[in-house]
Amino acid sequence: TQLLEQSPQFLSIQEGENLTVYCNSSSVFSSLQWYRQEPGEGPVLLVTVVTGGEVKKLKRLTFQFGDARKDSSLHITAAQPGDTGLYLCAGAPRDSNYQLIWGAGTKLIIKP
Amino acid sequence: EAGVAQSPRYKIIEKRQSVAFWCNPISGHATLYWYQQILGQGPKLLIQFQNNGVVDDSQLPKDRFSAERLKGVDSTLKIQPAKLEDSAVYLCASSFTSGQGYEQYFGPGTRLTVT
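None of the values given here were measured: they were computed from a predicted structure.

About the criteria used
- Residues numbered from 1 in each chain as written.
- Chains lettered and ligands numbered in written order.
- Predicted model: local features only at pLDDT ≥ 70, side-chain atom pairs only at ≥ 80, totals over all residues.
- Heavy atoms only, no water.
- Helix = DSSP H or I, 4+ residues; strand = E, 2+ residues; numbered from the N terminus.
- Buried < 20%, exposed > 50% of the residue type's maximum accessible area, 1.4 Å probe, protein only.
- Polar contact = N/O pair within 3.5 Å; in protein donor to acceptor, adjacent residues only side chain to side chain.
- Pairing = 2+ DSSP bridges.
- Axes fitted to C-alpha atoms, helices over the stretch in contact; angles between N-to-C directions.
- Contact = heavy atoms within 4.5 Å.
- Buried area = accessible area lost by both parts, 1.4 Å probe.
- Salt bridge = Lys/Arg side-chain N within 4 Å of Asp/Glu carboxyl O.

Go over the environment of Ser98 of chain B, please, and point to the residues and values.
Residues and elements named next belong to chain B. The topology assignment puts Ser98 in the loop between strand E9 (88-95) and strand E10 (105-106). Relative accessible area serves as the criterion here: at 26%, Ser98 is assigned to the partly exposed category. Here the alpha-carbon distance between Ser98 and Gln50, two residues 48 residues apart in the chain, equals 7.2 Å.

Right under this line is the structure:
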């Protein structure tokens, strides 16, 4: 069974602090996506990483795909209350061409 | 561009009752997904359609859940009879086609409470 483990499960920090959340697996993925889900809404895609070692930046968010394509991290610089939400990672297994494997998410709260 | 539409947004039913959810995907999207998201967990794929054909329904509890996508556009997901453990948010998503790298666009979900 392919699993994606996200850590921490819950994080509450003050506005302006930096944070990193992780998405780990023992499986290799062809690509990995990060989504943010706000209460009462569906997940919204933030980024897709495809190449081992790839780093993508989206304003204050930095996403990295591990060299072996088994793990990924999301780093937020100077967190703002608007960053509050559930961050989900989802990986496309190397041996499947369509179904995503989803992590359980990191619930992030940024306090003003 | 209109997003994925779902209705109803909320539903409360008693166990053993039946319920149906409706989804209208983004125009032109061939692939449609139904997910179940239990509080504190990530989405779990229930069924995936490519046009009006089923690609994957391996995690759909077929004794009580059914889904259809007539004419390859709108889709309905039905639960009959509902159990307490079916309480969850049911998300519909669509993508241009199946395959890696294609972004899934999600609707707002239907929050189901079974009492």
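A description of the side chain of Gln37 of chain A should follow, citing residues and the corresponding values.
Residues and elements named next belong to chain A. Looking at the secondary structure, you find Gln37 in strand E4 (residues 29-37). Relative accessible area serves as the criterion here: at 8%, Gln37 is assigned to the buried category. Side-chain polar atoms of Gln37 contact the backbone oxygen of Glu41, separated by 3.0 Å.

Give a detailed account of the pairing of strand E3 (residues 19-24) of chain B, specifying residues and quantitative values.
All names here are of chain B. Residue alternation in E3 divides its side chains into a buried set, Val19, Phe21 and Cys23, and an unburied set, Ala20, Trp22 and Asn24. Where E3 lies against strand E8 (residues 75-79), 5 bridges are found, and the strand directions are antiparallel. By the bridge assignment for E8, Val19 is matched with Ile79.

Please set out the sheet that holds strand E8 (residues 71-76) of chain A residue by residue, giving values where relevant.
Backbone-to-backbone hydrogen bonds join strands into a sheet, with any given pair of strands oriented parallel or antiparallel. Residue and element names in this part refer to chain A. Taken together, the 5 strands give an open sheet; going across it, the order is E1-E3-E8-E7-E6, and neighbouring strands pair in antiparallel fashion. Bordering the open sheet on either side are strand E1 (5-7) and strand E6 (55-58), each of which pairs with just one other strand. With strand direction ignored, the average angle separating the axes of adjacent strands in the sheet is 15 degrees.

Any chance you could break down the interface of chain B and chain A for me, citing the residues and the numbers?
Taken residue by residue, the interface counts 22 residues in chain B and 22 residues in chain A. Both sides together, the interface formed by chain B and chain A hides about 1,600 Å², and carbon and sulfur atoms give 48% of it. At the boundary of chain B with chain A, the tally comes to 0 salt bridges. Connecting chain B to chain A are 3 residue pairs in polar contact (both at pLDDT 80 or more). Within the residue set of the side of chain B that touches chain A, elements represented by two or more residues are strand E4 (31-37), strand E5 (44-50) and strand E6 (53-56) of chain B.

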